[in-house]
Amino acid sequence: MARRLSRFTLIRRSTRQSPLPREVLVLAGVAFAVAVGFGFVAPAIPVFARQFGVGRAAAGGVVSVFAGMRLVCALGAGRLVERLGERLVLATGIGVVAGSSALAGLARSYPELLVLRGIGGVGSAMFSVSAATLLLRSVGANQRGRASGMFQGGFLLGGIAGPALGGFVTGISIRLPFFLYAGTLAVAGAIGLLLLPQAAGARDDAATTATIGLREALRSRAYRAALAAQLADSWAVLGVRSALVPLFVVEGLHASPIWTGIGFVVVAAVNAAVLLPAGRLADDWGRRPVLAGGCLLGALALAVLALPLGLPGYLVAMGVLGLGSGLLDVAPAAVVGDVLQGRGGTVVAAYQMAGDVGSVSGPLAAGRLADTAGFGAAFGLTALVMAGAGAMALAAPETRSATAAAAGTAGSAGTAGTAGTAGSAATAGTAADKGSG
């Protein structure tokens, strides 16, 4: 018992003594700018596509091609990160999305719009993989939870602010959101290039940075659990919630669509409130309890939705889903950072691909089941997916060790301006835990 208490004291002390490095705050600002711009353009894309005389399915294809190219190009983006470094790939990816968005606003035909949005998906893969890799390399083991929460918080706040203004902008001109999106991306790129410390650029020398391969990472049970949690969370929150919950409110609960918006606000509010505390929990108590707790809370929320509990049950389920999703916005990424040694672009890319697979396959599988067996069966299937991920998390080893916490603290104290080096040292300290996976 005394040994456990001393270990916990060491972890808490290392967490308190390690302020987040500058890279984390800069990347959170980049995430906010990107998410605000996407919130501008997202409502306009299908409406703009329909102006070329295409059907609803073709209009939806403009949205799908972006996600599809992100999925297809993620591993390639990871290899680019390993060869060229995060900072260069991040700036190039943002530039590709900005340029393609501006040109999409000038598109004169549906094929032009489709191709340009596909090119934007390639740039998005480059940005997202490089940003996540740099984030995880820039912090020690005692900071990864809080850093992941800060980064996700930037996306979440931007995702709330963007759509709030996007409808107004679309009312002025259907093409204007594309140009505003390009502008916010230019701001994001400038933030990254001007405010990321030059030390981050120096770390882009791949020849001096160890790289862990995807095959090696997949041997870790902890990494596989993180992949499963990322897939399940995206299946439930990005997929089923967005695609099925609006239909469930109107057709299952026979309620006004206003309740869909209220439920989504509940999810977003709880999610935002829990991000930073969840990050601190992951750093203080370890990744596994936060990872497993997020999955099991998500499973509970979906199980409640599957029961005939009316609007009160629906609102409770949305709150619990937001809580579980907030935990899963932090813990899986922290596990991936623990598994990495130095740079591992393909490892991060595969992690993000798991989320893309979940957000695409969730609505298809659950939607088909809703058509044939009802909403309860669809939500029940999603609850099983979440519970399965929770079981994998419970069976996985803990990747956050007191030894790594001490290494992270020492690294931070010795390299105040070069947090990435501290992060590499701390992840090396967790190699034994990873190997046990």
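Please read these numbers as outputs of a predicted model, since none were measured by experiment.

1. Section: the overall build of the protein
Then, in step 1: A tally of helices and strands in the protein yields 21 helices and zero strands.
Then, in step 2: Each of the 437 residues in the protein was classed as buried or not, and the buried ones make up 53%.
Then, in step 3: Accessible surface, the protein as shown: approximately 17,000 Å² in total, 69% of it carbon and sulfur.

2. Some thoughts on the packing of aromatic side chains
Then, in step 1: Enumeration according to the criterion identifies nine aromatic pairs in this entry.
Then, in step 2: Judged by centre distance (6.5 Å) and plane angle (65°), the rings of F127 and F155 are edge-to-face. Taken as a pair, F127 in helix α6 (residues 110-137) and F155 in helix α7 (residues 144-172) lie far apart in primary sequence, 28 residues in all.
Then, in step 3: Residue F127 is classed as buried on the basis of its relative accessible area of 7%.
Then, in step 4: Take F155: its relative accessible area is 25%, and that puts it in the partly exposed class.
Then, in step 5: Linked through ring pairs, F38, F66 and Y181 together constitute an aromatic cluster.
Then, in step 6: Positioned above the aromatic ring of F264, the side-chain terminus of R241 is 4.6 Å from the ring centre.

3. Some points on unusual backbone geometry
Then, in step 1: You will see that H254, though not glycine, has its phi angle at about 55°, which is positive.
Then, in step 2: Following the sequence through the fold, H254 ends up in the loop between α12 (245-252) and α13 (258-284).
Then, in step 3: Look at H254 and you get exposed, because its relative accessible area is 68%.

4. So, the nonpolar core
Then, in step 1: Judged by nonpolar contacts, the single largest core of 64 residues is most densely connected at Y223, L244, L305, V336 and F379.
Then, in step 2: For this core, the leading source of residues is helix α11 (residues 221-243), giving twelve residues.
Then, in step 3: When residues no more than four places from it in sequence are discounted, the contact partners of V336 are L136, Y223, A226, V347, V348 and Y351.
Then, in step 4: Within the second largest apolar cluster, 37 residues are counted, among which are V26, A31, F48 and L90.

5. Considerations on the confidence of the model for the protein
Then, in step 1: The predicted model of the protein has a mean per-residue pLDDT of 81, with 83% of residues at 70 or higher.
Then, in step 2: Of the regions scoring below 50 in pLDDT, residues 1-15 engages in 24 contacts with residues more than four places distant in sequence or in other chains.
Then, in step 3: Here residues 199-208 is a poorly scored stretch, pLDDT under 50, and it has 25 contacts once near neighbours within four places are set aside; other chains count.

6. Thoughts on helix α8 (residues 176-195)
Then, in step 1: A rise of 1.5 Å per residue sets the reference length of α8, with its 20 residues, at 28 Å; its end C-alpha atoms lie 28 Å apart and thus fit the reference within 8%.
Then, in step 2: Among the residues of α8, P177, F178, Y181, A182, T184, L185, A188, G189 and G192 are the ones counted as buried. The buried residues of α8 occupy an angular sector of 165° when projected down its axis, which confines them to one face.

7. Overview of the packing of helix α14 (residues 287-306) against helix α18 (residues 375-395)
Then, in step 1: Close contact between α14 and α18 brings their axes to 8 Å; oriented N to C, the two are set at 165°. Taken together, α14 and α18 sit at an angle that is classed as roughly antiparallel. Of the two possible hands of crossing, α14 and α18 adopt the one that is left-handed. Along its contact with α14, which presents R288, L291, A292, G294, C295, L296, G298, A299, L302, A303, L305 and A306, the element α18 presents G376, F379, G380, T382, A383, M386, A387, A389, G390, A393 and L394.
Then, in step 2: For the contact of α14 with α18, the residue count by class is 16 nonpolar, six polar and one charged.

8. With respect to the packing of helix α2 (residues 22-41) against α6
Then, in step 1: Running from N to C, α2 and α6 cross one another at 160°; their axes reach a closest spacing of 11 Å. By the angle between their directions, the pair α2 and α6 is classed as roughly antiparallel. Of the two elements, α2 crosses α6, and the hand of that crossing is left-handed. On the side of α2, the interface is formed by V24, L27, V30, V34 and F38, while α6 contributes R117, F127, A131, L134 and L135.

9. Here's the deal with the environment of D284
Then, in step 1: Mapped onto the elements of the fold, D284 is located in helix α13.
Then, in step 2: Residue class for D284 comes out buried when judged on its relative accessible area of 5%.
Then, in step 3: Taking the C-alpha atoms as reference, D284 lies 9.0 Å from R400; in sequence the two are 116 residues apart.

10. Some remarks on the environment of D283
Then, in step 1: Considering the arrangement of structural elements, one finds D283 in helix α13.
Then, in step 2: Distance from D283 to A331, taken between C-alpha atoms, is 9.2 Å for residues 48 residues apart in sequence.

11. Focus on the side chain of D329
Then, in step 1: Take D329: it is sitting in the loop between α15 (310-328) and α16 (331-339).
Then, in step 2: We note that D329 is buried and unpaired, the nearest opposite charge coming from R241 at a distance of 9.3 Å.
Then, in step 3: Within the structure, the side chain of D329 is placed 3.3 Å from the side chain of N271, a separation counted as a polar contact.
Then, in step 4: With sequence-adjacent residues up to four places away left out, D329 is seen in contact with S148, Q152, D233, N271 and L275.

12. Description of the environment of V97
Then, in step 1: By the element assignment, V97 lies in helix α5 (residues 86-104).
Then, in step 2: With 22 residues separating them along the chain, V97 and I119 place their C-alpha atoms 7.3 Å apart.
Then, in step 3: Each residue touching V97, except ones within four places of it in the same chain, is listed here: G120, G123, S124, Y181 and L185.

13. Some remarks on the pattern of salt bridges
Then, in step 1: This model, assessed by the stated rule, comprises six salt bridges.
Then, in step 2: A salt bridge links D283 to R146, with the nearest nitrogen and oxygen atoms 3.5 Å apart. Taken together, the residues D283 in helix α13 and R146 in helix α7 connect sequence positions 137 residues apart.
Then, in step 3: The buried category is assigned to D283, whose relative accessible area is 0%.
Then, in step 4: R287 is the salt-bridge partner of D283, the closest N and O atoms lying 2.9 Å from each other.
Then, in step 5: With a relative accessible area of 1%, R287 lands in the buried category.
Then, in step 6: Several salt bridges converge on common partners, so that one network encompasses R144, R146, D283, R287 and D338.

What counts as what
Residues numbered from 1 in each chain as written. Predicted model: local features only at pLDDT ≥ 70, side-chain atom pairs only at ≥ 80, totals over all residues. Heavy atoms only, no water. Helix = DSSP H or I, 4+ residues; strand = E, 2+ residues; numbered from the N terminus. Buried < 20%, exposed > 50% of the residue type's maximum accessible area, 1.4 Å probe, protein only. Areas by Shrake-Rupley, 256 points an atom, 1.4 Å probe, with all protein chains shown as cover. Phe/Tyr/Trp six-rings, centres within 6.5 Å; stacked < 30°, edge-to-face > 60°. Lys NZ or Arg CZ within 6 Å of the ring centre and 35° of its normal. Core = buried A, V, L, I, M, F, W, Y, C linked by side-chain atoms within 4.5 Å. Contact = heavy atoms within 4.5 Å. pLDDT = per-residue confidence, 0-100. Expected span 1.5 Å × (residues − 1). Arc of directions from axis to C-beta. Axes fitted to C-alpha atoms, helices over the stretch in contact; angles between N-to-C directions. Parallel < 35°, antiparallel > 145°, perpendicular 65-115°, else oblique. Left-handed = near helix turned anticlockwise from the far one by under 90°. Nonpolar A, V, L, I, M, F, W, Y, C, P; charged D, E, K, R; others polar. Lys, Arg positive; Asp, Glu negative; His and termini not counted. Salt bridge = Lys/Arg side-chain N within 4 Å of Asp/Glu carboxyl O. Polar contact = N/O pair within 3.5 Å; in protein donor to acceptor, adjacent residues only side chain to side chain.

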